[in-house]
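# Structure assessment
Residues per chain, in single letters:
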Amino acid sequence: FVSCSTKENKNTLRIYAASGTRVPCETICTQYELNQGLTVDRNYASSGILAKQIENGADADLFISASKEWIDYLLRKNKLVDSTITLLAENRLAIITSINNTDFKIDYNTSFNINSITPERMAIGDPQYVPVGMYAKAVLDSLNWYAALNQKIIMTKDVTSVLHLVEMNECDWGIVYYTEALQSKKVKIVSEIPTSLHPPILFYMAEVKKDTNKALPLLHFFASIEGERIFAFHGYSAVTNKTYLARNTH
Amino acid sequence: MKLELKNITHRLGLNSFSYNTTITNDITGIYGPSGAGKTTLLNCIAGIEKPLSGSIVFNDKTLFHHDEGINTPVNKRNLGVVFQDNYLFPHLTILQNLNYSKPYIKNRTRYIDFDKVVSLLGIEDLLTKKPNQLSGGEKQRVAIGRTLLSQPELLLFDEPFSNLDRRKRKQIISYLLKINHQFKIPLLIISHDLEDILKLTNHLLIINNGCIEAAGDYLNISEEGHVPDIICHKRYINIFEAYCSGFDVHEKQVSFSASPSSHNKLHLSQSTSMLQNNIQLGQRIRLCLHPDDIALANNRVEGVSIQNQLKGRITQIISSRGSHYVTVDCGFVLVAEVTQAAVKTLQLELGQTVYCLIKAKAIEVVHSYIS
Amino acid sequence: MKLELKNITHRLGLNSFSYNTTITNDITGIYGPSGAGKTTLLNCIAGIEKPLSGSIVFNDKTLFHHDEGINTPVNKRNLGVVFQDNYLFPHLTILQNLNYSKPYIKNRTRYIDFDKVVSLLGIEDLLTKKPNQLSGGEKQRVAIGRTLLSQPELLLFDEPFSNLDRRKRKQIISYLLKINHQFKIPLLIISHDLEDILKLTNHLLIINNGCIEAAGDYLNISEEGHVPDIICHKRYINIFEAYCSGFDVHEKQVSFSASPSSHNKLHLSQSTSMLQNNIQLGQRIRLCLHPDDIALANNRVEGVSIQNQLKGRITQIISSRGSHYVTVDCGFVLVAEVTQAAVKTLQLELGQTVYCLIKAKAIEVVHSYIS
Amino acid sequence: MFTSTELDIIWLTIKVALVSTAVSLPISVLLGWIFARKNITCKPLLEGLVALPLVAPPVVTGYLLLLLLGRNGWIGRWLDQTLDIQLAFNFAALVIASVVVSLPLAVRTIRSAFELVDPVYEKASHTLGASKRSTFFRVTLPMAMPGIVSGMILSFARSLGEFGATITLAGNIIGKTQTLSLMVYANMQVPDKEMEVARLVIISLLISLAAIIASEYLKRRNSYLSK
Amino acid sequence: MFTSTELDIIWLTIKVALVSTAVSLPISVLLGWIFARKNITCKPLLEGLVALPLVAPPVVTGYLLLLLLGRNGWIGRWLDQTLDIQLAFNFAALVIASVVVSLPLAVRTIRSAFELVDPVYEKASHTLGASKRSTFFRVTLPMAMPGIVSGMILSFARSLGEFGATITLAGNIIGKTQTLSLMVYANMQVPDKEMEVARLVIISLLISLAAIIASEYLKRRNSYLSK
Ligand SMILES: Nc1ncnc2c1ncn2[C@@H]1O[C@H](COP(=O)(O)OP(=O)(O)OP(=O)(O)O)[C@@H](O)[C@H]1O
Ligand SMILES: Nc1ncnc2c1ncn2[C@@H]1O[C@H](COP(=O)(O)OP(=O)(O)OP(=O)(O)O)[C@@H](O)[C@H]1O
Ligand SMILES: [Mg+2]
Ligand SMILES: [Mg+2]
């Protein structure tokens, strides 16, 4: 069993995608497989794990990251072809609550008493390391709500956990990606958070450095109109300028 | 005491057992070949094995009754078991082992004293050790001590002396006789050493093939001829009691008689063990004498080293498998074992007067009662 | 055989041990009070305990030498140990226990036959059981069998008979004498039953307080007076060999003499066990007789039940703690135990001619050698 | 060497591990004993239930616990409404998650230790007057000590490393429910924090080594087999 | 009842669990024995190393393994270049992750079982001519059987539930390295798949129950204590 060599199959592409993008990714890859007669192996995990796997020699062809940090990280490790870095889609944040709860209104300004809609607790991703949490914290910070909520904030390890907590009504409300909020039938969207309150939420894609460029067509397919349509279908917004200027960030 | 086993049956693997007896003697020996079912009998009484049928009643207390659904839990039976394999608690020190039952005997009469038992058993120096640091005999002594200290109402001893030297055995046997005498605690004892048993009691249960083959006085048992195996050389012992009736300071001898009034006297060397403590006139002792240590003669014999020549009358002659047992009443009732040839030569007959020739050295003192 | 223990010292907790002896007898008994250090001695020889100093050499093979750093692993010592506590492998059946050593004896001479041992020990029916389903005596027999079947070159037996009945003991002792005789496998045996030991050998090691207090022939040992404890009632035995010299069909007696030419004859009842198999003229047997079963007389005594009256000469009189042991050479060299009073009455002196009065029943046949 | 936040976290972690070991000990001893000695009818079912947190990914376990114990959970709602006790998102949640997740380990280990204690000693204890209860505490339990200690060590170490169920049931409230292993995980998810991860893992390891050494001492004191 | 993909995953999961149990058995028996009976100098170090995967969150363990065994890892690079063996992102990786993560459990359990076997039986075996090796296999090992079996069960169940180290070292590659528990995780990530999650968890549980029942049989066959 030791020598399950990954080299033998020339007709296989390997895409390492952040687990948040699973649903559109699956659609796109399946379609691509049908079109091209190739196999696309999909590996879903958190962006951090994927980046570390790639760093340590995982045989990936493409990488989809939910945060810029990990793209930069791999760039520094010289693992990505920098010319291929593409902004894939943009996401928004939404405030959700359990389907059983009554609606409430939120004013996005500092004078709004956020505690009035938070009898016990609310949930966000852990801003230390969960991208959706970082954006949420940016929103809460910009409105001075983060301090106001004090110990009512439950920080989870990923966006689905926020969703679960709100679904079970363990938390009065939560901040998740708009796209996740759409998928669950047990939560309702109270309000979409204005994108001006946080840095743009961007999903990146890049080709992993290799001898061949065989994965490029798939990357292009992701960035194509068709790809965009599929992302949009699942709630993402299109990104107008898809080129990522790596060197600008440093 | 009364221990009644009624139609007890049990089964272990392919071996079946059935016990049916009533034990009334204070001390009863259980004797039988290896694998006969002696331990199983004890286990049934103790409640370690649950019989398939029957009932066990001890002094009006029903320990087990199959049909009535009674099965007194082991710890409520107040029995003291010395197991064949000791089963000292390996994680406890000897002191802790000995004191194990302490919390459970609060409302029981305590007749056994810790210090006395420990010094009798010679385990004073072992108290801080753990069982795995003891020798075989030391373990056995601790097991006896642990059981006695649980102040049981009935003692069940399974080969308690097998790893002990003669001297220790003797001391313990004497102690058991003492507590039995003082506190009336009945004892059932299994041993392969008939001598050990007979020093304690004449009452035997003979177990063979999972059944009680015979029960009663060992003389009667052997007479019935059921149990050829127990009647073999050196296995058959006269145990009797006598009263100190005089001293011969010069010859260093003590004399004993069956009753204060009896003429027939046994002479023992004062150096015989158990006699060394100051014995008093009229004091009662328990003696032991092998049948083949008694020679019979038609007349008093002169010029032999044999010191005791008791005149008596033959009351019984039993023949069994080539051996001849002659019971002579000479104040003490003694059984002598003689050959076919001797029976012929001496023309032994019922009612005949004979002399029992007994070497002083052949008599063993089992226990001297404190009057 | 030669087993040399030179300046062996050892320590267990607070107990120190020192052994220094050379054993040359084929069978040696180890005797001593409980806790004396008998098992520890065996453990040192077997390699289970590693002594602190000294050396152990068995027949030119150095088992242990502290200074030279030699410590032959236990499994290379080819010893057979019967432990005091059996230690049968609980997870294996009896058959598997008995065959445990099979893979390791490929290149050793096999002198012990499986079927023979199993039937001798009477464990045929137990082969499929596991040790926890056996009685105490059954475990002990299996342990003996397991050890014998490892075809050892030296047997170390620690209380091997403590849970066995007399009959089984006798059979096993006879078997041990047989293999010792046939294959010259030496045996060291610990027992609290001096009778068992003495049936096997006259050569003893007396252990007390962690030291070898005495070694040698048990008569000499007792003469030296070192070991008061072993010379107590019934512990002192004449063991001697005799040749079948005639039959008396009518009286159902067999007679034996010290040598084919000797006049002095011992008469035994034919029904005595071990004589029942057809005994032949000239056949050698090993007999056992307690000193206090021998009475002395100045003249032949008539009209007593005692069948054997052997004429002999007193060669030694030993006095020890009030007991008197008189050695009489009457073809057989026999030791009789008599009282102070008897010594006086009969005026026993060295060189004097006396008659040894021995009841036929008092003589036990230990083993009959196949000629 | 440590920031005060770190010290708080270390202390919280140790507290959780100790408390959850203490809580799981009696439960796992009881279950281990039942599994080893009793022949109850619903045994396979119970065994499956205990094994569940081992077989399911910890996140699922945490999710199930939340379903049960959350404020809208079957048990949680009742506790909340009648006794005003909340079990999620606080210290209790940390302990519960740890206990549930480490229980299968402790139960198994302790059970096999009980299976290795010869019941004859229990019988001997009965003959000396001890009830079943008393016998259990004075004979069976101490004789199974090496296994009990091993079970506790496993519980303790598993507590230290517990992450999945904890974060689901207890969330991560900084200063309230953040344990070492949540912090390790957080640092794993951020680029270039490898040294920090290593540092935290080594701290965990040192804590568990301390526990192991303490347990060796406990065991040695109780050892009763021949050398 | 099952889709063919699911059947593949179930089969892969069982295969991984079986293989990793089989691999971890000899290792944990050896380590358990050393810890129970030997007094080696570097014991605490070794103990710590074995305990590491228990104390650190599985993701960290997986990461460490990746550092070692990945194509750029210290061992992985050498294996890749000289022997053309890859240990990450394939079946081998699944097994390795499972083995490493379950080792501390098996070692502990087996160790405490060895500690409960009285060494006098080993001595008895030596006197019958058996070498140390032979004695180990014929006496010590079978006498510790309840513990060994428990250790195997723990390994097996832990394998079934293993997620963190696996996703890091082996990836979550559908049809290749996705096991039941990764699939459970994946389903957890998607809303409204609770029934699917429940279904998969129950399958895992059934597999582990089968293992438990098999182990009971194994143990009963080897039981030697009095009833
Ligand atoms: N658990 C068991 N399963 C099957 N057979 C058993 C079991 N326990 C005992 N036996 C058998 O029952 C018989 C009687 O056993 P028991 O222990 O009562 O004998 P015993 O008279 O005490 O013998 P010993 O003097 O050798 O101790 C033995 O033959 C033994 O093999
Ligand atoms: N591991 C140990 N630690 C401390 N003391 C020990 C240890 N093993 C034995 N002893 C002590 O050493 C002494 C000798 O023990 P040993 O087993 O040799 O006696 P023994 O002569 O065989 O006695 P027994 O006839 O009772 O079996 C005993 O007093 C015992 O308490
Ligand atoms: Mg018995
Ligand atoms: Mg001994």
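Computed from a predicted structure; not experimentally measured.

## Looking at the coordination of the magnesium ion (ligand 4)
All names here are of chain C. Protein coordination of the magnesium ion (ligand 4) is provided by Thr 39 (OG1) and Gln 84 (OE1), with donor distances spanning 1.8 to 2.2 Å. In this pair, Thr 39 sits in helix α1 (residues 38-46) while Gln 84 sits in the loop between β7 (79-82) and α2 (94-98), placing the two residues 45 residues apart along the sequence. Residue classification places Thr 39 among the partly exposed positions, given a relative accessible area of 25%. According to the relative accessible area criterion, Gln 84 is buried, its value standing at 14%.

## Details of the domain arrangement of chain B
Entries for chain B in the domain assignment read domain 1 (3-231) and domain 2 (238-368). Placing a centre on the C-alpha atoms of domain 1 of chain B and another on those of domain 2 of chain B gives a separation of 32 Å.

## Observations concerning a nonpolar patch on the surface
On the surface, Leu18(D), Val19(D), Val23(D) and Ile27(D) cluster together into a nonpolar patch covering about 280 Å² of accessible area. The residue Ile27(D) is located in helix α1 (residues 4-37) in this model.

## Quick notes on the packing of aromatic side chains
Counted by the stated rule, this structure contains 29 aromatic pairs over all chains. Here Phe231(A) and Tyr236(A) contribute two aromatic rings whose centre-to-centre distance is 5.1 Å and whose plane-to-plane angle is 80°, an arrangement assigned as edge-to-face. Accessibility assignment for this pair places Phe231(A) and Tyr236(A) in one class, buried. A centroid spacing of 5.8 Å and a plane angle of 50° characterise the contact between Phe114(E) and Phe136(E), whose relative ring orientation is tilted. With Phe114(E) in helix α5 (residues 91-115) and Phe136(E) in helix α7 (residues 132-143), this pair connects stretches of sequence that are 22 residues apart. Residues Phe114(E) and Phe136(E) agree in their burial class; the two are buried. A network of ring pairs unites the aromatic residues Tyr177(A), Phe203(A), Phe222(A), Phe231(A) and Tyr236(A) as a single cluster. When the ring centre of Tyr146(A) is taken as reference, the NZ or CZ atom of Lys137(A) above it lies at 4.9 Å.

## Some thoughts on the site of ligand 2
Among the 19 residues in the neighbourhood of ligand 2, the closest are listed as Ser135(B), Gly137(B), Glu138(B), Thr39(C) and Thr40(C). Bordering ligand 2 are residues originating from chains B and C. A distance of 3.1 Å is found between a nitrogen atom of ligand 2 and a backbone nitrogen or oxygen belonging to Gln133(B). One of the side-chain N or O atoms of Thr40(C) is found 2.5 Å from an oxygen atom in ligand 2. When contributions to the shell around ligand 2 are tallied by element, the ones reaching two or more residues are α4 (136-148) of chain B together with β2 (15-23) and α1 of chain C. For the shell around ligand 2, a count of residues per class yields three nonpolar, 13 polar and three charged.

## Focus: the interface of chain E and chain A
Every contact between the two is made by 34 residues of chain E and, on the other side, 35 residues of chain A. Each partner contributes to the roughly 3000 Å² buried at the junction of chain E and chain A, and carbon and sulfur atoms together form 53% of this total. Our enumeration of links across chain E and chain A arrives at two salt bridges. At the junction of chain E and chain A, the tally comes to nine residue pairs in polar contact (both at pLDDT 80 or more). Of all the elements in the fold, those that place two or more residues in the side of chain E that touches chain A are α3 (58-69), α5, α9 (164-169) and α10 (180-188) of chain E. Of the residues forming the side of chain E that touches chain A, the biggest block, four residues, is contributed by α3(E). Counted by class, the side of chain E that touches chain A contains 20 nonpolar, eight polar and six charged residues.

## Comments concerning the side chain of Thr166(E)
Residues and elements named next belong to chain E. Checked against the element boundaries, Thr 166 lands in helix α9. What makes Thr 166 buried here is its relative accessible area of 3%. Ignoring sequence-local partners within four residues, the contact set of Thr 166 consists of Leu 94, Ala 97, Gly 171 and Leu 182.

## Points about the relation of the copies chain B and chain C
Here the second copy of the chain follows from the first by a rotation about an axis and a shift along it. Overlaying chain B with chain C gives an RMSD of 0.0 Å, the required rotation being 180° about an axis along which the chain moves by 0.0 Å. Taken together, the rotation and translation describe the operation of a two-fold axis. Residue Ser162(B) of chain B places its C-alpha closer to the rotation axis than any other residue of that unit, at 2.5 Å. Both copies present the same face, since 100% of the interface residues in chain B are matched by interface residues at the equivalent positions in chain C.

Reading the values: the criteria
- Within each chain, residues carry numbers counting from 1 in the order of the written sequence.
- The naming scheme follows written order: chains are lettered A onward, ligands numbered 1 onward.
- The predicted nature of this model means local features are confined to residues of pLDDT at least 70 and side-chain atom pairs, given and counted, to a pLDDT of 80 or more, with totals for whole chains, interfaces and linings taken over all residues.
- Side-chain metrics in this entry use all non-hydrogen atoms of the structure; hydrogen atoms and water are not considered.
- The donor definition counts N, O and S atoms within 2.8 Å of each metal and applies 3.2 Å to Na, K and Ca; water is not among these atoms, so some sites may look incomplete.
- Comment: elements are numbered from the N terminus, with helices defined as DSSP H or I runs of at least four residues and strands as E runs of at least two.
- The rule is simple: take the accessible area with a 1.4 Å probe, protein chains only, and divide by the maximum for that residue type; under 20% is buried, over 50% is exposed, in between is partly exposed.
- The split into domains, and so the bounds of each, comes from an automatic or database assignment of domains.
- Like-charged residues within 9 Å of one another, or nonpolar side chains (Val, Leu, Ile, Met, Phe, Trp, Tyr) within 5 Å, are grouped into patches, provided each residue has over 30% relative accessible area and no salt bridge.
- Exposure was quantified through the Shrake-Rupley algorithm and a 1.4 Å probe, taking into account, for residues, occlusion by the shown protein chains and nothing else.
- Salt bridge, as used here, is a side-chain nitrogen of Lys or Arg placed within 4 Å of a carboxyl oxygen of Asp or Glu.
- Any pair of Phe, Tyr and Trp rings, taking the six-membered ring for Trp, is counted once the centres come within 6.5 Å. Such a pair is stacked with planes under 30 degrees apart, edge-to-face with planes over 60 apart, and tilted for the rest.
- Geometrically, a charge over a ring is one whose NZ (Lys) or CZ (Arg) sits within 6 Å of the ring centre while staying within 35 degrees of the ring normal.
- A single heavy atom is enough: if one lies within 4 Å of a molecule or strand, its residue is considered near that molecule or strand.
- Here a polar contact is taken to be a pair of N or O atoms separated by no more than 3.5 Å, where protein atoms must pair a possible hydrogen donor with a possible acceptor and residues adjacent in sequence count only if both atoms sit in side chains.
- Each residue is assigned to one of three groups, with Ala, Val, Leu, Ile, Met, Phe, Trp, Tyr, Cys and Pro labelled nonpolar, Asp, Glu, Lys and Arg labelled charged, and all others, Gly among them, labelled polar.
- Two residues qualify as a contact provided that any one of their heavy atoms is within 4.5 Å of a heavy atom in the partner residue.
- Note: buried area is the sum, over both parts, of the accessible area (probe 1.4 Å) each one loses when the two are combined.
- Fitting of the copies onto one another was done by least squares over C-alpha atoms, counting residues only where both copies have pLDDT of at least 70.

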